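Chain residues, written in single-letter form:
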Amino acid sequence: AQKITQTQPGMFVQEKEAVTLDCTYDTSDPSYGLFWYKQPSSGEMIFLIYQGSYDQQNATEGRYSLNFQKARKSANLVISASQLGDSAMYFCAMRGTGNQFYFGTGTSLTVIP
Amino acid sequence: NAGVTQTPKFQVLKTGQSMTLQCAQDMNHNSMYWYRQDPGMGLRLIYYSASEGTTDKGEVPNGYNVSRLNKREFSLRLESAAPSQTSVYFCASTPTATYGYTFGSGTRLTVV
């Protein structure tokens, strides 16, 4: 079975601080992809970052980085220097067999001024 | 602007009514998907189309049908709406599985 687990329903972070959002996954496929999406209150889904299972280095995109620990099956999102605009829901997702994507239940992040 | 266009953005249906949610992408993507999003449940896959001419069931297909009309368009039909289908529906597309999805802006559907 393929599954994504996000255990933090809500997180708070002080503006300009870094925050880590947790994601663990379960798959028996050797080849898979891991994604993070942001959903602000306006409702759209915004792609943030991608990590392939064979990638040797952790992915980075601006202030976003993905802490990929393959042996632990974790793919945590790190947001550095948090901004008020980072307040949103964040979803971890995994590409599985048949090109299907599996999503976690999300983490609500609130940035405090 | 290139992207995924969903219509309508909002809809209220009475129980038993039918409707079709439209989705079109202009990025020449092969694969298209329909998800529903419910509070505390994340996004759950309803149906997907890996390529033009093919459709497959996802995690929650009951009560829905889909049509991949051509490479650009992928519609979702509710034949007899039920209150349990009250949700936000997202269409998404991707060129290959290596890439992330591009999502539409969503359709907020309420069934009363």
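Remember, it's a predicted structure, so these values are computed and weren't measured experimentally.

Q: Quick question: what am I supposed to make of the packing of aromatic side chains here?
A: For any pair of aromatic rings, the description rests on two quantities: the centre-to-centre distance and the angle between the ring planes. Summed over all chains, the structure comprises 19 aromatic pairs over all chains. Geometrically, the ring pair formed by Phe101(A) and Tyr33(B) is edge-to-face, given 6.2 Å between the ring centres and 85° between the ring planes. Highlighted residues: Phe101(A) in strand 11 (residues 101-103) and Tyr33(B) in strand 4 (residues 31-38), drawn from two different chains. Both residues of the pair, Phe101(A) and Tyr33(B), count as buried. Centre to centre, the rings of Phe90(B) and Phe103(B) are 5.9 Å apart; their planes meet at 85°, and the pair counts as edge-to-face. With a gap of 13 residues between them, Phe90(B) in strand 9 (residues 87-94) and Phe103(B) in strand 10 (residues 102-103) connect regions that are remote in the sequence. Of the two residues examined, Phe90(B) and Phe103(B), each falls in the buried class. Over the ring of Tyr64(A) we find Arg63(A); its NZ or CZ atom is 5.8 Å from the centre of that ring.

Q: Sorry, what's going on with the interface of chain A and chain B here?
A: Where interface size is quoted, it is often the accessible area lost as the parts come together. In this assembly, 16 residues from chain A lie in contact with 18 residues from chain B. Taking both partners together, chain A and chain B bury about 1500 Å²; carbon and sulfur atoms supply 59% of that area. Three residues stand out in chain A for area buried against chain B, namely Met45(A), Phe101(A) and Phe103(A), and they jointly supply 33% of the buried area on that side. One can count zero salt bridges joining chain A with chain B. Scanning the region where chain A abuts chain B turns up three residue pairs in polar contact (both at pLDDT 80 or more). Those elements that provide at least two residues to the side of chain A that touches chain B are strand 5 (33-39), strand 6 (46-52), strand 10 (88-95) and strand 11 of chain A. Residue composition of the side of chain A that touches chain B, grouped by class: eight nonpolar, seven polar and one charged.

Q: Whenever I open this one, unusual backbone geometry confuses me. Can you help?
A: In this structure, Pro8(B) follows Thr7(B) across a cis peptide bond, with omega equal to -5°. Tracing the backbone shows Pro8(B) in the loop between strand 1 (4-7) and strand 2 (10-13). Located in the positive-phi region is Lys73(A), a residue other than glycine, with phi close to 55°. By the secondary structure assignment, Lys73(A) is in the loop between strand 8 (64-69) and strand 9 (74-79). On the basis of relative accessible area, Lys73(A) is assigned to the partly exposed category, the value being 30%. Of note in this structure, Asn28(B) is not a glycine but carries a positive phi near 60°. Looking at where Asn28(B) falls in the secondary structure, it is placed in the loop between strand 3 (19-25) and strand 4. Take Asn28(B): its relative accessible area is 56%, and that puts it in the exposed class.

Q: I keep staring at the environment of Ser31(B) and nothing clicks. Help me out?
A: Residues and elements named next belong to chain B. Position of Ser31 relative to the elements: it lies in strand 4. The buried category is assigned to Ser31, whose relative accessible area is 2%. For the pair Ser31 and Gly58, spaced 27 residues apart in the sequence, the C-alpha separation amounts to 13 Å.

Q: Hey, could you run me through the environment of Gln11(B) in this one?
A: For Gln11(B), the position within the fold is in strand 2. Residue Gln11(B) is classed as partly exposed on the basis of its relative accessible area of 26%.

Q: Which parts of the structure should I look at to understand the state of the cysteines?
A: Any covalent bond linking the sulfur atoms of two cysteines counts as a disulfide. Taken as a whole and judged by the stated rule, the model has two disulfides over all chains. What pairs with Cys23(A) in a disulfide is Cys92(A), and their sulfur atoms sit 2.0 Å apart. When the S-S torsion is -65°, as for the bridge of Cys23(A) with Cys92(A), the disulfide is left-handed. Here Cys92(A) lies in strand 10 and Cys23(A) lies in the loop between strand 3 (19-21) and strand 4 (24-26), a separation of 69 residues in the sequence. Covalently, Cys23(B) is tied to Cys91(B) through a disulfide, its sulfur atoms 1.8 Å apart. When the S-S torsion is -75°, as for the bridge of Cys23(B) with Cys91(B), the disulfide is left-handed. Separated by 68 residues along the polypeptide, Cys23(B) in strand 3 and Cys91(B) in strand 9 bring together distant segments of the chain.

Analysis parameters
- Residues numbered from 1 in each chain as written.
- Chains lettered and ligands numbered in written order.
- Predicted model: local features only at pLDDT ≥ 70, side-chain atom pairs only at ≥ 80, totals over all residues.
- Heavy atoms only, no water.
- Phe/Tyr/Trp six-rings, centres within 6.5 Å; stacked < 30°, edge-to-face > 60°.
- Helix = DSSP H or I, 4+ residues; strand = E, 2+ residues; numbered from the N terminus.
- Buried < 20%, exposed > 50% of the residue type's maximum accessible area, 1.4 Å probe, protein only.
- Lys NZ or Arg CZ within 6 Å of the ring centre and 35° of its normal.
- Contact = heavy atoms within 4.5 Å.
- Buried area = accessible area lost by both parts, 1.4 Å probe.
- Salt bridge = Lys/Arg side-chain N within 4 Å of Asp/Glu carboxyl O.
- Polar contact = N/O pair within 3.5 Å; in protein donor to acceptor, adjacent residues only side chain to side chain.
- Nonpolar A, V, L, I, M, F, W, Y, C, P; charged D, E, K, R; others polar.
- Disulfide = S-S within 2.5 Å.

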